[in-house]
Structure formats: structure tokens, C-alpha cells
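# Architecture and fold: a report
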Amino acid sequence: MVAPSRPLAFVVASSVPPHEPELDDHRLAAELAEVAGATLVDLRDRTAARYDPWSLRDRGDQVSHDLLVERLGEHRPDDHVMSEEGAEDRRRLEAERCWIVDPLDGTYDYPFVDSIEWAVHVAVVENQRPTAAAVAVPGMGQVFATDRAEGPGERTARDKPLVVSGRSTAYAAAAVADELGGQLTACGSAGVKAMLVVTGAVDVYVHSSGLWEWDVCAPAAVAEANGLIVTDIDGDEILYNKSRPIVRGLVIARPEYARAARSALADLI
Ligand SMILES: [Mg+2]
């Protein structure tokens, strides 16, 4: 056995064991999303009785943000981080690599133990395009990552195409459902809605109003890795780490429905 080269008391505790190979971006995104998701479940289960729902939402946002920023600082010290809960840092615009994270997407639903409609988003962007990403959906017990893409999943048995939208932005989604001869359903959390298309539980996700890049980046990257067609509401490719980090709506479709969805949306404009 080799003796430690310095007294153990001086070994700084770190979540990165010094001799383990560093995780690649896909695995790092997946691991961070999973750990943040588990931390959020634990926080909710331990403290739900003590906090009112609004305090729990704020705590959840902050705890998950702190964890993601700290771990990214350890694993990728040279990269920038843009988080929904962080202060704007314009140096990100010159950064070669920028992580775009939503520590808790679907904050409203998070305190409700029975709701699956919240998620953790972690993605890294180079030259305005995501190169690795993961979405953890603790309520489904799943972490979806760009290097484990197998989809889109088989459509669950249903007679008509199913279109999902947010709870308050259903106008464009209704037009798409009409065009497909399908039905409309609503769900919170952009990440969860996108993963419902990935798993085959729904066929198209339509969000017609503006979104923040952290709402969209990781879910869109995971969806695209799974063979789904992803665009903004105008049918254009989505770029990230822009000066104004806003996305003009989002459409995620199974390939067989993408053209009809696009045509329904084009008629609206
Ligand atoms: Mg959030």
C-alpha cells in the first residue's frame, strides 16, 4: 500500500475523486440533473410539512441552483453557467462553452407530491448549439440524456394524435390538434412536456409564446437526439446563449406529424 503523500487532515473533500476519469459532457449533464432532482425530492419530503408551498418553491429553486453551479465549477471550471436563478453575466457571450440550466422547471407543481410536472434541465452550448444535455423528471423516475437516446418511443395505443401544451397557451396547440384530427392535453413544465413526446406518450408539443433559453435548451437537445423534429414557433432552428436569451416558442413533433403541425402553425401567422 502506498502511504498518503500528505496528512489526511489536509485533503480537501471534493465530489471529484482525483484519480477517477472525468465524466464526459453527456454523463456530467445526466449526473447533475439526477442529483439535483433527487435533492429536490429529498428537500420536499423532509420539509413540506414545515414550509408553505411558496417558500418550498423558492427553497427548491435556490438549493438546486447552488448545487448545479457548485458542481459545474468543480468539474468545468473554465465554462460559464447561465441559470434561471443566477445573475446575468454578459461574459457568457464571449465564452466558448456555456452551460444553460433550469434548476427547477415547473416550480409551481414542485410542492405537490403527486405531480410529475417538474424537471431539472442541464445543457452545454458551444457556438450557440447544444452539444450535450439531460433532463431529469423525478416524478417519472427517469433521467433523459443525449447519449442514451433510443427514441422516439413507441406511441402508446391511442386512436387520435395527442398534442400537449402549457396550461395557458393552448391557442396554437389547438390549431395543430385540429389539423391532425387529434386531441389536446395540458401539462406544466416544458421539460416534462418534451419528454412526453420523447417517450411516445404524446405526439406533438406546441408552445406559441416566448420562453427563456433555460426552459428550452436541454429538453430540445434531448428531443432532437431522440429523432424528434424541434423548431421555434416559426419553424426555424433555435440558437442559444444569445444576447437576449429568449426563444420564440417551441414545437417538438414526432417526424410523421412535423409537416402537418408546421402547416397548421404557418396558417396562423
Ligand atoms: Mg426554473
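Whatever comes next refers back to the structure up there.
The structure reproduced in this document is the subject of the present report. Sequence order sets the numbering: in each chain, residues are counted from 1 along the sequence as written. Selection of residues for local features in this predicted model requires a pLDDT of at least 70, selection of side-chain atom pairs for listing and counting requires 80 or more, and totals for whole chains, interfaces and linings are taken over all residues. Side-chain calculation: all heavy atoms of the structure are included, whereas hydrogens and water are not.

### Brief notes about the packing of helix α1 (residues 25–47) against helix α2 (residues 53–75)
Between α1 and α2, the least distance of the axes is 10 Å, while the angle of their chain directions is 150°. By the angle class used here, α1 and α2 are roughly antiparallel. In terms of crossing hand, the pair formed by α1 and α2 is right-handed. Where α1 abuts α2, its residues Leu28, Leu32, Val35, Ala36, Thr39, Leu40, Leu43, Arg44 and Thr47 lie against Leu56, Arg59, Gly60, Val63, Ser64, Leu67, Leu68, Arg71, Leu72 and His75. Gly falls in the polar group here, along with every residue not listed as nonpolar (Ala, Val, Leu, Ile, Met, Phe, Trp, Tyr, Cys, Pro) or charged (Asp, Glu, Lys, Arg). The residue makeup of the contact of α1 with α2, split by class, is eleven nonpolar, five polar and three charged. Axis lines are fitted through C-alpha atoms, for helices just across the contact stretch, and the angle between N-to-C directions can take any value from 0 to 180 degrees. Helical segments are the DSSP runs of H or I of at least four residues, strand segments are the runs of E of at least two, and each set is numbered from the N terminus. In this scheme, roughly parallel covers angles under 35 degrees and roughly antiparallel covers those over 145, while 65 to 115 is roughly perpendicular and the rest are oblique. Helix crossings fall into two classes, left-handed where the near helix is turned counterclockwise from the far one by less than a right angle and right-handed where it is turned clockwise. Pairs of residues are marked as contacts when any of their non-hydrogen atoms sit within 4.5 Å.

### Examining the coordination of the magnesium ion
For the magnesium ion, the full set of protein donor atoms is Glu84 (OE), Asp102 (OD) and Leu104 (O), at a range of 2.0 to 2.2 Å. Within one chain, the residues serving as donors to the magnesium ion are arranged as E-x17-D-x1-L. Here Glu84, found in the loop between β1 (80–83) and β2 (97–105), pairs with Asp102, found in strand β2; they are 18 residues apart in sequence, far enough to count as distant. Each residue gets one of three labels from its accessible area relative to the maximum for its type: buried under 20%, exposed over 50%, partly exposed in between, using a 1.4 Å probe on protein chains only. The buried category is assigned to Asp102, whose relative accessible area is 1%. Counted as coordinating are nitrogen, oxygen and sulfur atoms within 2.8 Å of the metal, or 3.2 Å for Na, K and Ca, while water is not included, which may make sites look incomplete.

### Observations regarding the layout of surface pockets
Cavities and pockets are defined on a 1 Å grid built over the protein atoms alone: a cavity is a set of grid points where a 1.4 Å probe fits but cannot escape, while a pocket is an open set with protein on both sides within 12 Å along at least five of seven lines, and lining residues are those with an atom within 4 Å of any such point. Grid points are joined across faces, edges and corners, and a volume is the space filled by probe spheres set on the points. The calculated volume of the largest pocket comes to roughly 320 Å³. Forming the boundary of the largest pocket are 20 residues, of which Ser189, Ala190, Lys193, His207 and Leu211 lie nearest the centre. Elements supplying a minimum of two residues to the lining of the largest pocket: α4 (190–199), β8 (204–207) and β9 (211–212). The residue makeup of the lining of the largest pocket, split by class, is five nonpolar, nine polar and six charged. Counting contributing residues, the lining of the largest pocket receives three or more from each of domain 1 (19–147) and domain 2 (162–268). Note: domain ranges come from an automatic or database domain assignment.

### Points about the side chain of Thr231
Relative to the helices and strands, Thr231 is located in strand β10 (residues 229–231). Take Thr231: its relative accessible area is 16%, and that puts it in the buried class. Setting aside chain neighbours within four positions, we find Thr231 in contact with Asp236, Ile238, Gly249, Leu250 and Val251.

### Examining the pattern of salt bridges
One speaks of a salt bridge when a side-chain nitrogen belonging to Lys or Arg is within 4 Å of a carboxyl oxygen belonging to Asp or Glu. If you walk through the whole model with that rule in mind, you get 18 salt bridges. Between Arg76 and Asp25 there is a salt bridge, with the nearest N and O atoms lying 3.0 Å from each other. In this pair, Arg76 is assigned in the loop between α2 and β1 and Asp25 in helix α1, connecting sequence segments 51 residues apart. For the pair shown, Arg76 and Asp25 are each scored as buried. For Glu88, the salt bridge identified is with Arg90, shortest N-O distance 3.0 Å. Residue classification places Glu88 among the partly exposed positions, given a relative accessible area of 45%.

### Regarding unusual backbone geometry
With an omega of 5°, the peptide bond running from Gly151 to Pro152 counts as cis. Position of Pro152 relative to the elements: it lies in the loop between β5 (142–145) and β6 (162–165). The phi angle at Asn241 is positive, at roughly 55°, despite the residue not being glycine.

### Considerations on the nonpolar core
Of all hydrophobic cores here, the largest spans 38 residues; its most connected members are Ile100, Met195, Tyr205, Val216, Tyr240, Leu250 and Ile252. Of all the elements in the fold, those that place two or more residues in this core are β2, β3 (119–126), β4 (129–137), β6, α4, α5 (213–225) and β12 (250–253). Sorting elements by how many residues they give to this core places α5 first, with eight residues. Of the residues that make up this core, three or more belong to each of domain 1 (19–147) and domain 2 (162–268). Those residues within four positions of Tyr205 in sequence are excluded, and the remaining contacts are Val164, Ser165, Ala190, Lys193, Ala194, Val197, Leu250, Val251 and Ile252. Among the buried residues, those of types Ala, Val, Leu, Ile, Met, Phe, Trp, Tyr and Cys that are joined through side-chain atoms within 4.5 Å form a nonpolar core. Membership of the second largest hydrophobic core comes to 24 residues, among which are Leu40, Trp99, Ala132 and Ala134.

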